[in-house]
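Architecture at a glance
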Amino acid sequence: MAGYALKETEYRYRAYTKDGKWETGELTTDKYLHIHEGSNVFHYGQGLFEGLKAYKTKKGTVQLFRPDLNLIRLNEGLDRIVAPRIPEALFFEAVEAVVKANIDDIPEYGSQKSLYIRPFVIGHGMNLGVKPSEEYIFSVFCAPVGTYFAGGLQALNFVTTDYDRAAANGMGKVKVAGNYGASLYPRQQALDAGYSGVIYLDPSTHTKIDEVGAANFFGVTYDNVLVTPKSSSILPSITRRSILWIAEHMLGMKTEERECFIDNVSEFKEAGACGTAAIITPIKSITHKGKVTTFGDGEVGETVRKLYDILLGIYYGEIEAPEGWVLEVK
Ligand SMILES: *Cc1c(COP(=O)(O)O)cnc(C)c1O
């Protein structure tokens, strides 16, 4: 099994459109899609995905973290690629059915692992012109996962790239397939140079931090303000939104969404990457044009550790979640 997934699971959910309208789907054990070679998703990238996780809690229940926000983001993305929105009932039926059908593959409480759930929508059918597809598939599959970056809560080294992951007014805000194709080459360059991943700068001026690979960036200033970048080309992370709330309401910190200039990155005593897959990954250093900035003493900082502990506490039901943040799958 390559990469992030620990194993494949047995069941997935598929729904199809008929005459452009979503029909109810069903669980299947078939891992393969048999679709036309002229499908838009292969040639013009009309495909979009989401990522969320199910956790086995301390009490022995199974819960999802803020799945309502994944649905909102998915539908905003579908508008952007001119594909039909997924009805709320279909989304929850699919996600919950997949979790329940693969329940034995959700890692046990205490393992620090979880079940990663991957909903996606693709346009298919013979379509040689550059125009939206006539028919679509919505599918949800899952796999148990550990940590995305190696080694749990361990501070890692990142490097900036001259490449952009998305255009300023392009599709950076949505989880459209092509953005990740665009990221493979700069990622490979960073790995080859011995870094754990790449830092993207804003595509218009290349002076401000945008993202950390497929995760959002955050920093903690010397006067204890949690800062995340404000930019039109960033994927709006649900994890980032959650840690901003945790910092403000549970840690009593000030928070700011504003520009984070790469030349002033030493304003942060701590830095990190956040996302469903990355969870919270502490950043040890950022290298930009040969200059290395190390955060704090290069160890995992106090705020990063607190945010990590609270977030995992909520994921695994050890800490009471803020209203509406978790959905129990029964
Ligand atoms: C998915 C993703 C994130 C993280 O978003 P979450 O909602 O926290 O999982 C951050 N950046 C990019 C580019 C992503 O694709």
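Rules used in this analysis
- Residues numbered from 1 in each chain as written.
- Predicted model: local features only at pLDDT ≥ 70, side-chain atom pairs only at ≥ 80, totals over all residues.
- Heavy atoms only, no water.
- Domains from an automatic or database assignment.
- Contact = heavy atoms within 4.5 Å.
- Buried area = accessible area lost by both parts, 1.4 Å probe.
- Salt bridge = Lys/Arg side-chain N within 4 Å of Asp/Glu carboxyl O.
- Polar contact = N/O pair within 3.5 Å; in protein donor to acceptor, adjacent residues only side chain to side chain.
- Helix = DSSP H or I, 4+ residues; strand = E, 2+ residues; numbered from the N terminus.
- Buried < 20%, exposed > 50% of the residue type's maximum accessible area, 1.4 Å probe, protein only.
- Pairing = 2+ DSSP bridges.
- Near = heavy atom within 4 Å.
- Areas by Shrake-Rupley, 256 points an atom, 1.4 Å probe, with all protein chains shown as cover.
- Nonpolar A, V, L, I, M, F, W, Y, C, P; charged D, E, K, R; others polar.

Take the domain arrangement of the protein next. Along its sequence, the protein is organised into domain 1 (12-145) and domain 2 (156-315). Just the C-alpha atoms count here: the centres of domain 1 and domain 2 sit 26 Å apart. Facing the 22 residues of domain 1 at the interface are 22 residues of domain 2. Between domain 1 and domain 2 lies a buried interface of about 1800 Å² when both sides are counted; carbon and sulfur atoms form 64% of it. Per-residue buried area on domain 1 facing domain 2 is highest for Phe49, Phe65 and Arg73; these three make up 34% of the total on that side. At the junction of domain 1 and domain 2, the tally comes to zero salt bridges. Between domain 1 and domain 2 we count seven residue pairs in polar contact (both at pLDDT 80 or more) in total. Put simply, the parts of the chain that give the side of domain 1 that touches domain 2 at least two residues each are β4 (47-49), β5 (52-56), β6 (62-65) and α2 (67-80).

This part covers the pairing of strand β16 (residues 279-288). The buried count for β16 comes to nine of 10 residues, which makes it a mostly enclosed element. Sheet topology note: the strand β9 (residues 156-160)/β16 ladder contains four bridges and is parallel. For valine 159, the partnering residue across the bridge sits in β16 and is threonine 287. Judged from the four bridges that link them, strand β15 (residues 268-275) and β16 form a sheet pairing that is antiparallel. Its bridge partner being in β16, alanine 273 is matched across the sheet by threonine 281. Hairpin geometry of β15 and β16 is characterised by an intervening segment of three residues between the two adjacent antiparallel strands.

Moving on to the site of the ligand. Near the ligand you find 14 residues, and of these Lys175, Tyr180, Ser237, Thr239 and Thr276 are the closest. Within the side chain of lysine 175, an N or O atom sits 2.8 Å from an oxygen atom of the ligand. Side-chain polar atom of threonine 276 to an oxygen atom of the ligand: 2.5 Å apart, as the coordinates give it. Across the complex, the protein chains shield 96% of the 380 Å² of accessible surface that the ligand would expose by itself. At the level of secondary structure, the elements contributing two or more residues to the shell around the ligand comprise β12 (215-221) and α5 (238-249). Of the residues belonging to the shell around the ligand, the class tally is five nonpolar, five polar and four charged.

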